[in-house]
Amino acid sequence: MRHDHLITATQLSRDDIETVLDRAAEIADDPPERDAVLGLLFFEPSTRTKMSFDAAMKRLGGTTVDMGSVDSSSVKKGETLADTVRVVEGYADALVLRHPSEGAAKMASRFVDVPLVNAGDGAGQHPSQTLLDLYTIRENAGLDDLTVGIMGDLKYGRTVHSLASALTNFDARQHFISPESLQLPRSVRFDLHQEGAQVREHTDLEAILPELDVLYVTRIQRERFPDENEYRQVAGQYRITPETLEDAKDDLVLMHPLPRVDEISPEVDDLPQATYFEQAHNGVPVRMALLDMLLENAGVETGGDSR
Ligand code: NCD
């Protein structure tokens, strides 16, 4: 993979994806020494993404510097994103940025020379999540001849936008299941069409469920709704219970980027199809592989020779 920054899943070729996943599969047994500093810039809440990037950098032998919450940073004093990233690139060899505005990571990447990973830009993209999603799919179902259902908030869900686009590199039929008001944004649909993706849209899971190899459930992104009433109209519409899964394949791979609210009932957790905690754990090896490759491209030496 030869990219300076990771901003969107559309920049990833099949070869890029396979290279990261292959590296991730072996990295835990034989981690390279990458004594680098990773800057964590999270302008929105995060548990998994931030902690797994933190763990990944430390497991590579490096360390992290963390801006902390927006309330305790100079953002509170009115500092622009462009200034913040220019300052923090002086403290770190690579940056991870999560921000509520779509396009923020792309904009910020223009101001820095160190690699920058988009860890979520509003309702835009979340490409490192996609790499761990694909890793999980590959481990459990393989990445060929696949029927994937993606359900929930397809409009505001950035993990969906990135995953759908990356799946166009593989032989995957994609079924999108959502209320009408939360269907895929036009821009994402356009890109899928351009890539010749095999796509169908549904408002109901029932009819399509028996065909699925993978079901990727997402949270309704409450924080992105302009109107709380609109949220209430769609909240709780789709909920996976053990009964729902009676019609699914026995080896369905049930995924969720987490956090879940009420989309998957806790009774499902003990069923063999439940793969979401494994998926979350895959964040560490996949982000180790990603960081290792981005740092290598940026010329950060292995074995302790950081900037
Ligand atoms: C997702 C996100 O932040 O987009 N979480 C994550 O990174 N695993 C999904 C979500 O918040 O619903």
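Residues numbered from 1 in each chain as written. Predicted model: local features only at pLDDT ≥ 70, side-chain atom pairs only at ≥ 80, totals over all residues. Heavy atoms only, no water.

Under an unreviewed UniProt entry, the protein has the name Aspartate carbamoyltransferase and belongs to Halomarina rubra. What UniProt records for the protein under Function (unreviewed entry) is the sentence "Catalyzes the condensation of carbamoyl phosphate and aspartate to form carbamoyl aspartate and inorganic phosphate, the committed step in the de novo pyrimidine nucleotide biosynthesis pathway." UniProt lists a comment for the protein under the heading Pathway (unreviewed entry), and it reads "Pyrimidine metabolism; UMP biosynthesis via de novo pathway; (S)-dihydroorotate from bicarbonate: step 2/3." (UniProt positions renumbered as here; feature names shortened; annotations may be inferred.)

Enquirer: Please set out the packing of aromatic side chains residue by residue, giving values where relevant.
Expert: In total, this model carries three aromatic pairs according to the counting rule given. Taking 5.1 Å as the distance between ring centres and 55° as the angle between the ring planes, the aromatic pair formed by Tyr-156 and Phe-225 counts as tilted. Taken together, the residues span a long stretch of sequence, with Tyr-156 in the loop between strand S5 (146-151) and helix H6 (158-167) and Phe-225 in the loop between strand S8 (214-217) and helix H8 (228-234) at a distance of 69 residues. You'll find Tyr-156 and Phe-225 in the same group, each marked buried. Arranged with centres 5.7 Å apart and planes meeting at 80°, the rings of Phe-225 and Tyr-231 form a pair that is edge-to-face. For Tyr-231, a relative accessible area of 11% puts it in the buried group. (Phe/Tyr/Trp six-rings, centres within 6.5 Å; stacked < 30°, edge-to-face > 60°. Helix = DSSP H or I, 4+ residues; strand = E, 2+ residues; numbered from the N terminus. Buried < 20%, exposed > 50% of the residue type's maximum accessible area, 1.4 Å probe, protein only.)

Enquirer: Lay out the nonpolar core in plain terms, naming residues and giving numbers.
Expert: Judged by nonpolar contacts, the single largest core of 56 residues is most densely connected at Leu-134 and Ile-150. Ranked by residue count, the leading element in this core is helix H10 (residues 283-297), at nine residues. Split by domain, this core shows at least three residues from each of two domains, domain 1 (9-125 + 283-297) and domain 2 (128-281). Beyond its immediate chain neighbours, meaning those up to four positions away, Ile-150 contacts Val-160, Leu-163, Leu-167, Gln-174, His-175, Phe-176, Ile-177 and Tyr-216. Core analysis: the second largest hydrophobic core is formed by 18 residues, Leu-205, Leu-212, Ile-240 and Ile-264 among them. (Core = buried A, V, L, I, M, F, W, Y, C linked by side-chain atoms within 4.5 Å. Domains from an automatic or database assignment. Contact = heavy atoms within 4.5 Å.)

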